Amino acid sequence: MLSTTKQNLLYILLISIACIYYGCNTKYQQPDLHKVTFKPVWGIHFIEVKRRHSTGRSVDKYGYVVEPTWKMTFLSDDSASVYSPQKNGFATFKITNDHDSIFFVARTWLRAKKLTKDSAVFQVMDVGTNVIYLVRSTVYMTFYADDYIKNVLKTTPANLQKPDRQDTLFVKKMSAQANTHIDSVFAAREPVVLKSKSPYVTVEKVKVIGDEQNRYSTTDAYMYPEYNIKIKHAYTDFYYSFTIKVDDKGQMHFDKSLMPDIEKSYPQTMKAIMDGYLRAYLDITPGNTFGITHTSRITVNVYGSKKG
């Protein structure tokens, strides 16, 4: 006669064997993870009022600013009308509804964190080749309904979209550091402005167009501002590409050559061109972020021609 303890152990062992046996012969069923439905908010016009990094700020240490630009109305669970800043109008996009409240719309993967008739919060998901990179999915979008902004908050989207105190204090701190230690340079949301003072010098800022290659983002226009500068009646024909740090006073400081294939002595020539031509013939307005002037980096492509 088996003791009660031994009977219990035998029972557990038989159950475990049965589970292993049937588990090996039964196809595993993936749990049905939650899919979001937009039905409660169909037809409500949402305006993005805030976009933040996971730090709670809209700007990071590199100067990258995430800005609220979306306007969106869910027409059904399968489609949404989304405002396109590039086209300055609304377009209808198909919604691909995935697992775990993740959906795809307007070329963007999002996760619904909150969805009510007054507001919505979406996490921007970094997805590549069917892989979700959670560690890089660190931006959050906050939307308010148009009616909620007007009739409850009694304000405007423009007021809600302004940088907050946390953003301003952070940029002031970074600016003070960059202006004191030039190697602490960061991108200016309003980049450096170069204007020619001579009929022999022309300046053109390289335009950034959002396309599939850059995920329809134009942030390079301020993160990596680039300028083509053409000089007539130069001492010789030349072309050089290099970066410059422009401080908060508008003074230029040579940074580095972008032409590693040429001789090492050429940076000295680039410095001479910067000092002899660019300083003399350009008006320079330093870059700023949220109205706070600070040191930032630019790229210049300088073309010299002996001809007029």
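Just above sits the structure.
As a convention, each chain's residues are numbered from 1 in the sequence order in which they are written. Local features in a predicted model are, by the rule used here, given only for residues with pLDDT of at least 70; side-chain atom pairs are given and counted only at 80 or more, and totals for whole chains, interfaces and linings are based on all residues. Side-chain descriptors were evaluated using all non-hydrogen atoms of the structure, hydrogens and water having been removed beforehand.

1. Focus: the overall build of the protein chain
In DSSP terms, a helix is any run of H or I states spanning at least four residues, a strand is any run of E spanning at least two, and both are numbered starting from the N terminus. A tally of regular secondary structure across the protein chain gives six helices and 20 strands. Under the scheme applied here, a residue whose accessible area is under 20% of the maximum for its type counts as buried, over 50% as exposed, and between as partly exposed, the area being computed with a 1.4 Å probe on protein chains only. The proportion of buried residues among the 308 residues of the protein chain is 37%. In this analysis, two residues are considered to be in contact whenever any of their non-hydrogen atoms come within 4.5 Å of each other. Within the protein chain, contacts between residues at least 6 apart in sequence are counted, and of these 62% link residues at least 24 apart. Calculation of accessible area relied on Shrake-Rupley with a 1.4 Å probe; when residues are assessed, cover is drawn exclusively from the protein chains displayed. Counting only carbon and sulfur atoms, one obtains 53% of the accessible surface of the protein chain, whose full area is about 18800 Å².

2. Comments concerning the pattern of salt bridges
The working definition used for a salt bridge is a side-chain nitrogen of Lys or Arg within 4 Å of a carboxyl oxygen of Asp or Glu. Overall, the coordinates contain eleven salt bridges when judged by the stated rule. Ionic contacts of the salt-bridge type, sharing partners, join the residues D183, K245, D255 and R297 into one network.

3. Looking at the sheet that holds strand β4 (residues 89-94)
Here we have nine strands laid out as an open sheet, ordered β4-β3-β2-β1-β11-β8-β7-β6-β5, and antiparallel in their pairing. The strands lining the two open edges of the sheet, one partner per strand, are β4 and β5 (96-97). Think of it this way: DSSP has to see at least two bridges between two strands before they count as a pair. Relative to strand β2 (residues 71-74), strand β1 (residues 45-53) runs antiparallel, the two sharing three bridges. From the neighbouring strand, H45 faces β2, where its bridge partner is T73.

4. Comments concerning the sheet that holds strand β15 (residues 238-246)
A sheet is described by the order of its strands in space; here five strands give the open sequence β13-β14-β20-β15-β16, paired in mixed fashion. A strand with exactly one partner marks an edge of an open sheet, and here the two such strands are β13 (201-205) and β16 (252-257). Sheet twist, expressed as the mean angle between neighbouring strand axes with direction ignored, is 30 degrees. As judged from the nine bridges shared by β15 and strand β20 (residues 296-304), these two strands associate in the antiparallel manner. The partner of V246 across the bridge, within β20, is S296. To get an axis, a line is fitted to the C-alpha atoms, and for a helix only the part in contact is used. The angle between two axes follows their N-to-C directions and goes from 0 to 180 degrees. Strands in contact with helix α6 (residues 266-281) are β13, β14 (226-231), β15, β16 and β20; relative to β15, the strand with the most contacts, it is inclined by about 75 degrees.

In short, the description is geometric, and any link to function would need to be established separately.
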